[in-house]
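Residue-level structural notes
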Amino acid sequence: MRRDERELGVLMVLAQQGDAVSYRLLLERARAWLTRYYRARLPAAAAEDAVQDALVAIHNKRATYDGLRPFGPWMGAIARFLWIDRLRRMERRAEGAAPGEDSGFEPRPALDDAADIARLLAQLKPAQADAIRLVKLQGYSIEEAAGMTGQSAPLIKVNVHRGLARLMRLVQSGRS
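Quick look at the structure, then. Treat the numbers as computed from the prediction; the structure is a model and nothing was measured.

Within the protein, the secondary structure is distributed over eight helices and zero strands. Taken from N to C terminus, the helices and strands of the protein fall in the order α-α-α-α-α-α-α-α. Within the span of the protein, comprising 176 residues, buried residues form 34% of the whole. For the protein, the proportion of contacts with a sequence separation of at least 24, taken over those separated by at least 6, is 54%. Of the roughly 11,200 Å² of accessible surface on the protein, a fraction of 54% belongs to carbon and sulfur atoms.

Let us look at the packing of aromatic side chains. This structure, assessed with the given rule, holds five aromatic pairs. Centre to centre, the rings of tyrosine 37 and tyrosine 38 are 5.1 Å apart; their planes meet at 85°, and the pair counts as edge-to-face. For the pair tyrosine 37 and tyrosine 38, one class covers both residues: buried. Taking the centre distance of 5.4 Å and the plane angle of 45° together, the rings of phenylalanine 71 and tryptophan 74 count as tilted. Taken together, the residues phenylalanine 71 and tryptophan 74, both in helix H4 (residues 71-95) and three residues apart, mark about one turn of the helix.

So, on to the packing of helix H2 (residues 20-39) against helix H3 (residues 44-61). Close contact between H2 and H3 brings their axes to 9 Å; oriented N to C, the two are set at 140°. On the basis of the axis angle, H2 is oblique to H3. Note that H2 runs across H3; the crossing there is right-handed. For the pair H2 and H3, the contacting residues are Tyr23, Leu27, Ala30, Arg31, Leu34, Thr35, Tyr38 and Arg39 in the first and Ala47, Glu48, Ala50, Val51, Gln52, Ala54, Leu55, Ile58 and His59 in the second. Classifying every residue of the contact of H2 with H3 gives 11 nonpolar, three polar and three charged.

Turning our eyes to something else, we now look at the environment of arginine 62. Looking at the secondary structure, you find arginine 62 in the loop between H3 and H4. Each C-alpha atom of the pair arginine 62 and valine 13 lies 9.2 Å from the other, and the pair is 49 residues apart in sequence. With near-sequence residues (within four places) excluded, arginine 62 lies in contact with Met12, Gln16, Tyr23 and Trp74. Side-chain polar atoms of arginine 62 contact the backbone oxygen of histidine 59, separated by 2.5 Å.

Membership of the largest hydrophobic core comes to 28 residues, with the highest contact counts inside it found for Leu34, Tyr38, Ile58, Phe71, Trp74 and Met75. Put simply, the parts of the chain that give this core at least two residues each are helix H1 (2-16), H2, H3 and H4. Per-element accounting of this core gives the leading share, eight residues, to H3. Setting aside anything within four residues of it in sequence, one finds isoleucine 58 in contact with Met12, Ala30, Leu34, Trp74, Met75 and Ile78. Residues Ala131, Leu134, Ala145 and Ile156 belong to the second largest nonpolar core, which totals eight residues.

With that settled, consider the pattern of salt bridges. Under the defined criterion, the tally for this structure stands at five salt bridges. Among the salt bridges present, the one from arginine 29 reaches glutamate 7, with a minimum N-O distance of 2.9 Å. Note that arginine 29 is positioned in helix H2 and glutamate 7 in helix H1, a separation of 22 residues in sequence. The partner of glutamate 28 in a salt bridge is arginine 24, with the nearest N and O atoms 3.5 Å apart. With a gap of four residues between them, glutamate 28 and arginine 24 both fall in helix H2, about one helical turn apart. When its relative accessible area of 48% is taken as the criterion, arginine 24 is described as partly exposed.

Conventions we followed
- Residues numbered from 1 in each chain as written.
- Predicted model: local features only at pLDDT ≥ 70, side-chain atom pairs only at ≥ 80, totals over all residues.
- Heavy atoms only, no water.
- Helix = DSSP H or I, 4+ residues; strand = E, 2+ residues; numbered from the N terminus.
- Buried < 20%, exposed > 50% of the residue type's maximum accessible area, 1.4 Å probe, protein only.
- Contact = heavy atoms within 4.5 Å.
- Areas by Shrake-Rupley, 256 points an atom, 1.4 Å probe, with all protein chains shown as cover.
- Phe/Tyr/Trp six-rings, centres within 6.5 Å; stacked < 30°, edge-to-face > 60°.
- Axes fitted to C-alpha atoms, helices over the stretch in contact; angles between N-to-C directions.
- Parallel < 35°, antiparallel > 145°, perpendicular 65-115°, else oblique.
- Left-handed = near helix turned anticlockwise from the far one by under 90°.
- Nonpolar A, V, L, I, M, F, W, Y, C, P; charged D, E, K, R; others polar.
- Polar contact = N/O pair within 3.5 Å; in protein donor to acceptor, adjacent residues only side chain to side chain.
- Core = buried A, V, L, I, M, F, W, Y, C linked by side-chain atoms within 4.5 Å.
- Salt bridge = Lys/Arg side-chain N within 4 Å of Asp/Glu carboxyl O.

Below you can see the structure in the form of C-alpha cells.
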C-alpha cells in the first residue's frame, strides 16, 4: 500500500484544501481498501455496513489528518477502532440472544473483573504493564505516560503495542 498510501495522502491534503474531485477519488480508493479490510475480518452482512461507517468516520475526522504523516496508518487506525467496536456490539448481541438462537457470531469469553486484568498484566514485562495501565486503562496520553514512567514516548507506544499483542495471545491460548 506504500505507493497507494502516498497517493491517498496527497488526495486527502487536496481534499482538505477544498478539491472536490480529489475528495471523491480519495473516498473511492478508501472504499476499495476498507472493503478488503472488513471482508477479511467480518461476516459478509456486516462488512458493507462497516465500510460505510469507516467512510463517515474518515469524512468526520478528515481535518485531523496531518499531510506530513503517512495516510495508511491514519486510515488503518480508524478502520481498526471501528472494527473492534463492531465486534464488541456483535458479541453483546450474541450474549443477549435467546437460548438456541443462532446469532451468526461466536462470542469469546469476556474478561469481566479487575482480577482477570491484573492476572494478565502480571504476565507482561513491567514496562509493558505500566504503559497499558496508564494509556489504555487510565486514559493518560502517550506523553503523560512517558513523563510518569521515565520511558520515552516512542517506547511507551512500543510497550503498549507489544503488551497488547502478548495479552491477545494469552487470552486466545486460555492462559488468563
